[in-house]
Amino acid sequence: MNQLLTIGELNTKQIQTILTLSEELSESNEPLLHGVNVGFVFEKPSLRTKVGTEAAINQLGGNVIEIDPDLLLANGKAVPFTCRESLKDAMMNVSQWCDAVFARVYSHATLEKMQQYGTIPVINALCNKHHPMQALADMLTIYGKFGSDNKAVITFIGDANNVAFSLTEIALILGHPVQFSGPTEYSWTNVQLQYFQLLAIQYGGEFIMIEDPYEAVRSSDVIYTDTFISMGEEYLYEEKIKHFESYQVNGKLFSTAPKTTGFMHCLPAHRGIEVTDEVIDHPNSWVYNQAKNRMIVSKAVFALILNPSFKQEFWPESMPVSESITVQ
Ligand code: CP
Ligand code: NVA
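Residues numbered from 1 in each chain as written. Chains lettered and ligands numbered in written order. Predicted model: local features only at pLDDT ≥ 70, side-chain atom pairs only at ≥ 80, totals over all residues. Heavy atoms only, no water.

A. Structural view of the site of ligand 2. The environment of ligand 2 is formed by Leu126, Asn161, Asn162, Val163, Asp226, Thr227, Ser230, Met231 and Leu267. At 3.3 Å from a nitrogen atom of ligand 2 is found a side-chain nitrogen or oxygen belonging to Asn161. Separating a nitrogen atom of ligand 2 from a side-chain N or O atom of Asp226 is a distance of 2.7 Å. Contact with the protein chains hides 95% of the accessible area of ligand 2, taken as 270 Å² for the molecule alone. Class assignment for the residues of the shell around ligand 2 results in four nonpolar, four polar and one charged. (Near = heavy atom within 4 Å. Polar contact = N/O pair within 3.5 Å; in protein donor to acceptor, adjacent residues only side chain to side chain. Areas by Shrake-Rupley, 256 points an atom, 1.4 Å probe, with all protein chains shown as cover. Nonpolar A, V, L, I, M, F, W, Y, C, P; charged D, E, K, R; others polar.)

B. A look at the packing of helix α6 (residues 132-146) against helix α7 (residues 162-173). For the pair α6 and α7, the least separation of the axes is 8 Å and the interaxial angle reads 50°. Relative to α7, α6 is oriented oblique. For the pair α6 and α7, the crossing hand works out as right-handed. Across from Pro132, Ala135, Leu136, Asp138 and Met139 in α6, the residues of α7 making contact are Ser166, Leu167, Ile170 and Ala171. Here the contact of α6 with α7 is built from residues that sort into seven nonpolar, one polar and one charged. (Axes fitted to C-alpha atoms, helices over the stretch in contact; angles between N-to-C directions. Helix = DSSP H or I, 4+ residues; strand = E, 2+ residues; numbered from the N terminus. Parallel < 35°, antiparallel > 145°, perpendicular 65-115°, else oblique. Left-handed = near helix turned anticlockwise from the far one by under 90°. Contact = heavy atoms within 4.5 Å.)

C. Up close: the layout of surface pockets. Roughly 460 Å³ of internal volume is contained in the largest pocket. Taken together, 25 residues make up the lining of the largest pocket; nearest its centre are Asn128, Lys129, Ala160, Asn161 and Asn162. Going through the elements one at a time, α7 and α8 (190-203) are the ones with two or more residues in the lining of the largest pocket. Residue composition of the lining of the largest pocket, grouped by class: nine nonpolar, ten polar and six charged. (1 Å grid on protein atoms, 1.4 Å probe; cavity = no way out; pocket = protein on both sides within 12 Å on 5 of 7 lines; lining within 4 Å. Points joined across faces, edges and corners; volume = space filled by probe spheres on them.)

D. Seen up close, the sheet that holds strand β4 (residues 122-124). The strand order β2-β1-β3-β4 describes an open sheet built from four strands, whose pairing is parallel. Looking at the sheet topology across the chains shown, the edges are occupied by β2 (63-67) and β4. Between one strand axis and the next, the sheet turns by 25° as a mean value, whatever way the strands run. Direction of pairing for strand β3 (residues 100-104) relative to β4: parallel, over a ladder of three bridges. When the bridges of β4 are listed, Ala103 appears paired with Asn124. (Pairing = 2+ DSSP bridges.)

Here it is in structure tokens:
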């Protein structure tokens with residue numbers, strides 16, 4: 001494993017390996033990252049990703065070095081002297097001191113440039129299109145509830161955003177049936193829909209769009225939602241929010257699902273908007289398990305990327321998902 005920008009870089013076996021090693025490392029403080037420096041670059045706020053991952057790296061004996069995003073990322077400012085130096089120079093410098101960079105950025109293209117310009121692995125801590133570390137923690141949560149050979153029906157209600165995309169990818173690569181219910185105005189593009197259908201065919205899962213959330217939840221084992229307004233699109237609030245009214249996960253909607261159905265949310269949640277208190281505080285809500293699992297999967301991912309003997313022992317060499325069906 002040399003980087004992690006998207007879930008689509010991984011195949012079934014590789015995802016299963018990460019999840020199995022996560023379980024094995026959950027309580028471990030083996031010094032697998034002894035002497036390793038990971039640069040953290042966050043262009044947007046973070047609680048779970050930042051603290052959970054730093055805790056994981058600390059537990060395995062590594063160090064986190066926080067890097068001011070303004071020092072590293074030109075943010076597309078082409079005007080001379082509004083940024084200190086080029087991303088290329090900055091990444092080549094960071095590559096002299098750090099063993100990897102964990103970056104949360106506005107644009108996925110920034111991560112690709114960081115990977116291209118530096119000589120160290122880049123791990124995506126969330127961008128506009130993907131949230132792979134969240135998706136891994138979410139699947140670990142679902143495995144914890146239903147077992148590792150489960151084929152739970154996962155239903156995402158709401159916005160076709162970064163979290164929904166990575167969740168859909170990972171669930172389909174593991175052969176799950178996935179349902180999506182959200183307003184057509186903020187739904188998947190045709191290219192994304194084709195990609196999901198191809199993943200479903202390749203891995204034996206299923207991807208279904210269901211406009212009515214009540215119909216969608218009826219046969220769901222997991223109901224997942226996220227904020228309707230993601231970081232960086234706050235300016236769209238007035239325009240966007242009115243389309244999402246009927247997609248709130250509230251008591252009425254949740255009680256339409258089977259009694260064993262779990263509720264998931266990556267957090268931060270906007271209580272009273274995309275989810276109500278009675279659902280997020282319900283005994284079937286797994287949101288804090290998900291948060292705990294953010295730390296646990298980070299241990300496996302960073303050890304697989306940064307500990308050569310661990311990687312050699314555990315990382316399957318098999319080919320990743322065909323690039324021809326990977327969308328960014
Ligand atoms: N779920 C998640 O990524 O949370 P943070 O934005 O707090 O990191
Ligand atoms: N979709 C949200 C996820 C936050 C973890 C955002 O991008 O802001």
